[in-house]
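Fold and geometry: a report
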Amino acid sequence: MSNHHDVLLVGGGGAGLRAAIEIAETNSHLSIAVVSKVYPMRSHTVSAEGGAAGVIRDDDSLDEHAYDTISGGDWLCDQDSVEMFVEEAPRELLRLEHSGCPWSREPDGQIAVRAFGGMKNKRTWFAADKTGFHMLHTLFQTSLKYKSVVRYDEWFVTKLLVDDGRVYGVVAIELMSGRIEAITAGAVILCTGGCGRVFPFTTNANIKNGDGMSLAYRAGAPLADMEFIQYHPTGLPFTGILITEATRAEGGYLINKNGDRYLQDYGLGKPEPKPVLRSMELGPRDRLSQAFVKEVEKGHAVDTDFGPVVHLDLRHLGEELINRKLPFVRELCLKYENIDPVTELIPVRPVVHYMMGGVHTDMNGATSLAGLYAAGEVACVSINGANRLGSNSLSEILVFGARAGRAAAEYASSHTDTSTAVLAQAADERNRLQQRFTRKRSGERIADLRDEMQKTMEQSAGIYRSGESLSQAADTLHELQDRFASVTIEDDSRTFNTERISALELAYMLDVAETIVNSALRREESRGAHQRTDFPARDDKRYLAHTLIHREPDGSCRVEYLPVTITRWPPAERIYGT
Ligand SMILES: Cc1cc2nc3c(=O)[nH]c(=O)nc-3n(C[C@H](O)[C@H](O)[C@H](O)COP(=O)(O)OP(=O)(O)OC[C@H]3O[C@@H](n4cnc5c(N)ncnc54)[C@H](O)[C@@H]3O)c2cc1C
């Protein structure tokens with residue numbers, strides 16, 4: 001295997017594989033590397049349940065999809081990106097259909113679509129409640145067709161190689177052998193997904209540590225809108241396993257300990273027996289998660305060993321519908337809670353789910369560093385603004401995976417020179433990893449630092465925040481960064497040294513946590529998923545702008561603001577439930 005490729009993708013999830021396919025189809029002469037710390041089918045995309053948004057029915061329109069997305073994002077989305085996204089999403093979903101994705105269908109053979117939170121029309125395509133699994137399978141199998149795609153499965157990227165403002169590749173560890181190699185490339189696309197593990201209670205897989213965000217940040221590319229963390233309103237207590245929004249789209253109710261459909265008290269409409277779009281249980285995720293906190297404050301939640309919960313009631317949907325449309329939900333409830341949703345209430349509480357922010361990119365995935373692109377959850381384009389609507393992300397990874405693939409292919413075709421300086425950098429990185437992360441030492445334990453970071457994030461950067469708690473958190477995270485310098489690595493083996501990988505992931509998460517807290521501290525307003533108790537109103541005069549956070553050479557953060565692109569929808573009040 002030659003260690004030089006035209007385009008190198010860090011990540012083999014939905015965005016990475018879509019980009020790989022696009023590059024292979026754009027130019028069959030380009031060599032494409034897919035570097036992934038897990039086997040591609042284990043990427044987090046596989047666990048997506050509910051579906052992918054794209055206008056397909058005659059009673060829907062691209063403008064309505066755009067408006068739902070923009071109002072759902074509390075006017076922080078770049079509207080030119082959203083307009084392009086809603087136009088390309090249906091084409092991408094159809095393309096997957098042609099590659100074999102088994103979308104669920106209506107009895108007459110039409111693609112079936114379901115309602116999703118904050119959406120005015122039914123436009124969420126699904127494959128029962130295992131949508132991500134089927135999408136990723138389709139992409140993975142399609143990628144196998146192309147000989148130009150070379151996979152580095154179970155290789156962990158530790159550094160971007162940068163010379164004179166341009167990216168020339170990565171350094172990565174082969175997990176099986178412990179070998180540390182430079183893999184050079186004409187262009188690199190980060191497709192590393194999100195960072196939910198910065199928090200203690202999340203739907204995100206253990207591998208979601210914000211690796212790509214930290215890699216870009218350390219290399220000099222700014223991150224955007226990091227303060228916007230999405231809590232999904234319905235996670236199972238203790239495990240944080242997601243109970244998909246599709247349960248509410250099919251007609252599930254959220255009830256408090258008195259049996260009341262409490263969302264009616266939070267400006268989300270009136271309870272109806274059947275689901276009403278953009279209303280009650282089909283309101284946006286930020287509003288539903290905030291309502292939960294208020295219910296807890298009123299004493300209306302149910303206390304459990306794992307904290308307060310409310311109940312999701314699916315009993316009235318009946319066994320036949322649950323088995324047909326929500327089989328995975330039933331399986332998860334039975335396996336992890338010993339509860340059968342056909343006859344019992346499901347305990348749920350908000351859980352960290354998704355990062356609206358990420359590596360700042362343009363519509364083609366280009367970052368501020370030449371040769372570096374980003375797509376998928378790691379990137380902030382931005383189509384999700386201050387609050388993503390459910391089912392937009394699976395379409396986003398396709399649309400922007402493809403666009404970044406095309407742009408990177410073009411860049412790599414016209415920039416074929418190499419840099420010798422990066423080989424010296426790679427040697428330095430090998431030494432750093434060997435000295436720093438493989439010797440036995442005494443000092444701080446990885447698990448202790450991680451627990452403290454997660455606790456700090458939950459307490460200060462959760463559904464509601466305040467300036468005081470955020471500035472305390474910034475100090476604590478700074479101390480944790482210092483303490484990380486003396487972290488212990490007891491395992492000295494080369495083969496599958498998971499302790500060393502955990503330490504590297506913790507380093508990524510500490511960077512990401514600092515950018516979240518520092519971005520949140522400076523945004524003195526409440527918008528979407530960023531709710532400040534000390535600044536409860538939205539402030540368009542000061543903050544109709546993206547936060548860009550840069551890393552200074554001394555490790556501190558610098559924040560600046562970039563205006564939001566408005567095309568056709570001037571900022572307005574967000575209204576649901578009518
Ligand atoms: C439980 C769950 C359900 C969801 N349901 C939906 C849904 O129904 N609809 C919807 O629109 N969205 C949903 N989402 C969100 C959506 O699934 C994700 O945002 C999306 O799949 C992310 O895809 P990705 O390709 O960007 O990243 P991922 O699929 O997370 O892939 C990341 C890749 O990067 C690789 N990687 C990371 N770090 C490194 C490193 N250091 N070195 C090498 N490789 C690395 C990993 O190995 C992996 O291959 C859900 C998310 C979760 C957690």
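Here goes a summary of the coordinates provided. (Residues numbered from 1 in each chain as written. Predicted model: local features only at pLDDT ≥ 70, side-chain atom pairs only at ≥ 80, totals over all residues. Heavy atoms only, no water.)

1. Some remarks on the sheet that holds strand E3 (residues 52–53)
Strand pairs in the sheet, formed through backbone hydrogen bonds, run parallel or antiparallel to each other. Condition: Here a strand pair is declared whenever DSSP counts at least two bridges between the two strands. A run of H or I in DSSP becomes a helix once it reaches four residues, and a run of E becomes a strand once it reaches two; helices and strands are each numbered from the N terminus.
With respect to topology, 3 strands assemble into an open sheet ordered E3-E5-E4, the strand pairing being antiparallel. Each edge of the sheet is formed by a strand with only one pairing partner; in this case those strands are E3 and strand E4 (113–114). Bridging between E3 and strand E5 (residues 124–125) involves 2 bridges; their strand directions are antiparallel. When the sheet's bridge partners are listed, Ala 53 is paired in E5 with Thr 124.

2. Here's the deal with helix H1 (residues 14–26)
What counts is decided by this rule: Expected helix span is taken as 1.5 Å per residue step, with the number of steps being one fewer than the number of residues. The buried label applies to any residue whose accessible area, calculated with a 1.4 Å probe on protein chains only, is under 20% of its type's maximum; exposed applies above 50%, and partly exposed to all values in between.
Along its 13 residues, H1 runs 18 Å from first to last C-alpha, staying within 8% of the 18 Å computed at 1.5 Å per residue. For H1, every residue scored as buried is listed here: Gly 14, Ala 15, Gly 16, Leu 17, Arg 18, Ala 19, Ala 20, Ile 21, Glu 22, Ile 23 and Ala 24.

3. Re the nonpolar core
The cut-off we apply is this: Only buried residues count toward a nonpolar core, which is a set of Ala, Val, Leu, Ile, Met, Phe, Trp, Tyr and Cys residues joined through side-chain atoms within 4.5 Å.
If you look at the biggest cluster of nonpolar residues, it comprises 77 residues, and the most contacted ones within it are Leu 190, Met 457 and Ile 516. A total of 12 residues in this core trace back to one element, the largest contributor, which is helix H14 (residues 498–522). One finds Ile 23, Met 41, Ala 52 and Val 113 within the second-largest nonpolar core, a separate group that totals 55 residues.

4. Focus on the environment of Pro 347
Selection rule: Whether two residues are in contact is decided by their heavy atoms, any of which lying within 4.5 Å being enough.
Tracing the backbone through its elements, the reader meets Pro 347 in strand E15 (residues 346–355). A C-alpha to C-alpha distance of 6.9 Å links Pro 347 and Pro 237, two positions 110 residues apart in sequence. For Pro 347, the contacting residues outside a window of four places in its chain are Gly 235, Leu 236, Pro 237, Val 309, Val 310, His 311, Glu 337 and Ile 339.

5. Side note on the pattern of salt bridges
Here is the rule we go by: For this document, the term salt bridge refers to a Lys or Arg side-chain nitrogen within 4 Å of an Asp or Glu carboxyl oxygen.
Tallying each qualifying case throughout the model produces 49 salt bridges. Taking the shortest distance from any N to any O, the salt bridge between Arg 18 and Glu 22 comes out at 2.9 Å. Residue Arg 18 and its partner Glu 22 are located together in helix H1, separated by 4 residues, close to a single helical turn. The residues Arg 18 and Glu 22 share a single accessibility class, namely buried. A salt bridge links Arg 527 to Asp 540, with the nearest nitrogen and oxygen atoms 2.8 Å apart. Note that Arg 527 is positioned in the loop between H14 and strand E20 (531–532) and Asp 540 in helix H15 (residues 540–543), a separation of 13 residues in sequence. Exposure remark for Arg 527: the relative accessible area of 0% places this residue in the buried category. Assessed through its relative accessible area of 27%, Asp 540 is described here as partly exposed. Salt bridges here are not isolated pairs; linked through shared partners, they connect Asp 74, Glu 227, Asp 286, Arg 523, Glu 525, Arg 527, Arg 538, Asp 540 and Arg 574.

6. Quick word on the site of the ligand
Defined as follows: Throughout, near means a residue has at least one heavy atom within 4 Å of the molecule or strand. Two N or O atoms count as a polar contact when they lie within 3.5 Å, although within protein this holds only if one can serve as hydrogen donor and the other as acceptor, and sequence-adjacent residues are included solely when both atoms are side-chain atoms. To measure how exposed things are, a 1.4 Å probe is used in the Shrake-Rupley method; for residues, cover is taken only from the protein chains shown. Three classes are used: nonpolar for Ala, Val, Leu, Ile, Met, Phe, Trp, Tyr, Cys and Pro, charged for Asp, Glu, Lys and Arg, and polar for all others, with Gly counted as polar.
Around the ligand sit 38 residues, and of these Ser 43, His 44, Thr 45, Glu 377 and Leu 394 come closest. In this structure, Cys 191 approaches the ligand through a main-chain N or O atom, which is 3.4 Å from an oxygen atom. Coverage of the ligand by the protein amounts to 98% of the 1000 Å² it exposes when considered alone. Elements supplying a minimum of two residues to the shell around the ligand: H1, strand E2 (32–36), strand E7 (155–163), E15 and helix H10 (392–414). It is H10 that contributes the most residues to the shell around the ligand, 4 residues altogether. Looking at the shell around the ligand residue by residue, the class counts come to 13 nonpolar, 20 polar and 5 charged.

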